[in-house]
Amino acid sequence: MAKLSLHQLSKSYGSAEILKDISLDIKNGEFVVLVGPSGCGKSTLLRLIAGLDPVTSGSISIGDRIVNDLEPAQRKIAMVFQTYALYPHKNVRENMTFGLKYAGLPAEEISRRVDEASRMLQLQDLLTRKPKDLSGGQRQRVAIGRAIVREPDVFLFDEPLSNLDASLRVSTRVELSRLHTLLKSTMIYVTHDQIEAMTLADRIVVMNKGRIEQTGTPLELYYQPANLFVAGFIGSPKMNQFSAILRNATAATGFGLSVPVKGGDEGSAVTIGIRPEHFVVGREGEHPHAARVELVERLGEISHLHMKLNSGELMIAEWRGRDAPSIGDSLSLAAETSNIHLFDAKGVRI
Amino acid sequence: MQLKWRVGLIHSFLIAYSLIAVLPILLVVMNSFKIRKAIFGTPLALPSAETFSLVGYVKVLGNANIGIYFFNSLSVTLISMATVLLFGAMAAWALAEYRFKGSNLLALFLSIGIMVPIRLGSISILHMMVDLNLVNTRLALILVYTAQGLPMAIFILSEFISQIPRDLRDAARCDGVPEIAIFFQVIAPLLRPAIATVAVFTIVPIWNDLWFPLLLAPGNDTQTITLGIQQFIGQYITDWNSVLAALSVAIIPVLVIYLIFSRQLISGLTAGAVK
């Protein structure tokens, strides 16, 4: 167990800058999720921390040591890969013990660790099987087991659930969460799935184009997104974004929504963001803004209404309950004033 | 219906090709069991009660030197194969996995080795072997055959290595497995089909070669089987019974090796084509 800090970390491949000036402090025992669209550099960042790729500039420290020039194994990390990366010709036990043999551990210690990890992950009956005889979920548990037996300071997960089917993904996610409570280790987890990020993380780091956009707890990111990118990335369906003009300390949209604003330049363009779940939907005329239903996605308890406002703008609102409207219905909307987000012309939160 | 026709057409082509490939060998084996007169009189006929004879085999197997020739061929071929596979796989791993100064140049240099036949260098090789005092040793042949087999082996194996997922090597590195163990314990076991392919491609030309044994090791103690058979071929009289019998016997080791590797070989040849 150890804290981990990144200081002004950069990584370039040739002239392509993949990571720019990344600084981040991760506390001992914290579960941090790196999230962002594909190509944002999150996996590269994980590989730098693991020591699989050299850094271009900046420093990485684990505990009190700067580990820039250490081999992966010396950094006391363990990594779980998206493709599991199990050794195909070795059985489950050999997969878990292969690395330990080179660490010079005594045989009793190795078998103690394997027993413990396989009990934790319910792998006891699978120890003599080869990876090809395991299901996807079992393979991923073996990969996690291989990480656990190393008793690392920091666990690194590179999209470990992406290759699993939907139901297995949910149950493995819960397993991971339980594992973190049990082991209390520092964990860094890369994903592009915001549900995984929200449910697993103590703290989420949202990345985009090689930079950190915002760092915070799941709820901070949800309720106080620092900019339009984070606002759009966290939450599903996406936050609705309406362009507005700032006049007399009020931002006014094309369909007649006006929001009081403190500060900001008179006449400048701003963006108003409202999440689908923060609309009140009612019959025609009941609320100030009229809209027509263009598409309904029924998820059971809730439905997503894709609607067109009378200004022509498209938006999504959430409907709770069974009797969802149908396509073509005319409805009216109101926004919950406490949950309106404002962003300036550069996309930064006001 | 159209598919049936196409399959039929493909099969008839393959059968025709197999016949063309197999017939000469069949002729050699068939005629090796016949008396001399029948070899010339009815070369295409199967041995019958009157024409059957084992005289060739008796002569060949009774010849004390044939055993030596066989041993020479076998030892040269197997040792060359082992060195080609070991060093080929290691070099392929180095070229595929590590970026170092001159690695591209080295890869290019090796691919030239595939394009330029080694026999063009025969005279310099002979000079070199004379200087090294290696003429008439099996080592001379092993060295030349290793050089001959390496470029192709490296080429095929590095293709295979680059198909092995990168995560696997990364996982081993995170596990603290030393690089040499990553190669021998993680990568090499996965290369089995490729190694079988390379083994067969390496062995056959070495076993069949006449050129280098003739140049570098023509001495009676170091002759290989292909060279040894030539002693039955004279300027005026050729002992066809013995030649054909010796050739038939010489086919056996290659056949055995092929059978051993064939399952792996097929999966090696079709890898990538069939996912």
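Residues numbered from 1 in each chain as written. Chains lettered and ligands numbered in written order. Predicted model: local features only at pLDDT ≥ 70, side-chain atom pairs only at ≥ 80, totals over all residues.

Draft legend 1. Just the overall build of chain A, in detail. Within chain A one finds 8 helices and 20 strands. Judged by the C-alpha coordinates and their principal axes, chain A covers about 75 × 45 × 35 Å. Looking at chain A residue by residue over its 350 residues, the buried ones come to 39%. A sequence separation of at least 24 residues applies to 64% of the contacts in chain A between residues at least 6 apart. (Helix = DSSP H or I, 4+ residues; strand = E, 2+ residues; numbered from the N terminus. Buried ≥ 20, exposed ≤ 12 C-beta atoms within 10 Å, placed from the backbone. Contact = placed C-beta atoms within 7 Å.)

Draft legend 2. Representation of the sheet that holds strand 9 (residues 203-208) of chain A in the model. Residue and element names in this part refer to chain A. Taken in spatial order, the 6 strands of this open sheet run 6-7-8-3-9-10, and their pairing is mixed. Whereas interior strands pair on both sides, the edge strands pair on one side only; in this sheet they are strand 6 (77-80) and strand 10 (211-216). Adjacent strand axes in the sheet meet at a mean angle of 20°, parallel and antiparallel pairs treated alike. In this structure, strand 6 lies alongside strand 7 (residues 154-158), joined through 4 bridges in parallel fashion. From the neighbouring strand, Ala-78 faces strand 7, where its bridge partner is Phe-155. (Pairing = 2+ DSSP bridges. Axes fitted to C-alpha atoms, helices over the stretch in contact; angles between N-to-C directions.)

Draft legend 3. Structural view of the domain arrangement of chain B. Residues and elements named next belong to chain B. Examined at the domain level, chain B breaks down into domain 1 (1-53) and domain 2 (65-270). Each of domain 1 and domain 2 was reduced to a C-alpha centroid, and the two centroids are 30 Å apart. Taken residue by residue, the interface counts 7 residues in domain 1 and 7 residues in domain 2. Elements represented by at least two residues in the side of domain 1 that touches domain 2 include exactly helix 1 (2-32) and helix 2 (36-41). If one sorts the elements of the side of domain 1 that touches domain 2 by residue count, helix 1 sits on top with 5 residues. Across the side of domain 1 that touches domain 2, the residue classes break down as 4 nonpolar, 2 polar and 1 charged. (Domains from an automatic or database assignment. Nonpolar A, V, L, I, M, F, W, Y, C, P; charged D, E, K, R; others polar.)

Draft legend 4. Representation of the domain arrangement of chain A in the model. All names here are of chain A. Here chain A is partitioned into domain 1 (4-233) and domain 2 (240-343). Placing a centre on the C-alpha atoms of domain 1 and another on those of domain 2 gives a separation of 39 Å. Facing the 4 residues of domain 1 at the interface are 5 residues of domain 2. Split by residue class, the side of domain 1 that touches domain 2 holds 3 nonpolar, 1 polar and no charged.

Draft legend 5. Geometry of the interface of chain B and chain A. Listed by partner, the interface residues are 15 residues for chain B and 17 residues for chain A. Looking at the side of chain B that touches chain A, the elements that each hand over two or more residues are helix 8 (166-174) and helix 9 (179-190) of chain B. Among the elements that line the side of chain B that touches chain A, the one with the most residues is helix 8 of chain B, at 6 residues. Class assignment of the residues belonging to the side of chain B that touches chain A gives a composition of 10 nonpolar, 1 polar and 4 charged.

Draft legend 6. View of helix 8 of chain B. Extensive coverage of helix 8 of chain B is indicated by the burial of 7 of its 9 residues. Along helix 8 of chain B, the residues that are buried comprise Leu168(B), Arg169(B), Asp170(B), Ala171(B), Ala172(B), Arg173(B) and Cys174(B). Taken together, the buried residues of helix 8 of chain B touch helix 1 (42-50) and strand 6 of chain A together with helix 9 of chain B. Backbone geometry just downstream of helix 8 of chain B places Gly176(B) in the positive-phi region, at approximately 80°.

Draft legend 7. Expanded view of the environment of Ser73(B). All names here are of chain B. Position of Ser-73 relative to the elements: it lies in helix 4 (residues 64-97). Considering only alpha carbons, one finds Ser-73 and Pro-213, 140 residues apart in sequence, at a separation of 9.5 Å. Residues in contact with Ser-73, not counting those within four places in the same chain, are Trp-207, Thr-224 and Ile-225.

Draft legend 8. Just the pairing of strand 16 (residues 289-298) of chain A, in detail. Residue and element names in this part refer to chain A. Pairing between strand 16 and strand 19 (residues 330-335): 4 bridges, direction antiparallel. Bridge pairing in strand 19 links Ala-291 to Leu-331. Note: strand 16 against strand 17 (residues 302-309), 7 bridges, orientation antiparallel. Looking at strand 17, one finds that Val-293 is bridged to Met-307. Linking strand 16 back to strand 17 in an antiparallel pair, the connection comprises 3 residues, with Gly-300 at a positive phi of about 110°.

Draft legend 9. View of the nonpolar core. Ranked by internal contacts, the top residues of the largest apolar core, which has 139 residues, are Leu34(A), Met79(A), Leu156(A), Ile188(A) and Leu157(B). Looking at which element gives the most residues to this core, the answer is helix 7 (residues 138-163) of chain B, with 11 residues. Beyond its immediate chain neighbours, meaning those up to four positions away, Leu156(A) contacts Leu46(A), Ile49(A), Ala50(A), Ile77(A), Ala78(A), Met79(A) and Ile188(A). (Core = buried A, V, L, I, M, F, W, Y, C linked by C-beta atoms within 7 Å.)

Draft legend 10. Structural detail: the packing of helix 4 of chain B against helix 7 of chain B. Residues and elements named next belong to chain B. As a packed pair, helix 4 and helix 7 sit with axes 6 Å apart at the nearest point and diverge in direction by 40°. Handedness of the helix 4/helix 7 crossing: right-handed. Class assignment of the residues belonging to the contact of helix 4 with helix 7 gives a composition of 19 nonpolar, 9 polar and 1 charged. (Left-handed = near helix turned anticlockwise from the far one by under 90°.)

Draft legend 11. Main features of the sheet that holds strand 13 (residues 258-260) of chain A. Residues and elements named next belong to chain A. With antiparallel pairing, 5 strands are arranged side by side in an open sheet as 13-12-11-14-20. Each edge of the open sheet carries a strand with a single partner, namely strand 13 and strand 20 (340-343). Averaged over all neighbouring strand pairs, the angle between strand axes comes to 35°, with direction disregarded. Judged from the 4 bridges that link them, strand 11 (residues 240-247) and strand 12 (residues 250-253) form a sheet pairing that is antiparallel. Paired with Arg-247 across the two strands is Thr-250, which belongs to strand 12.

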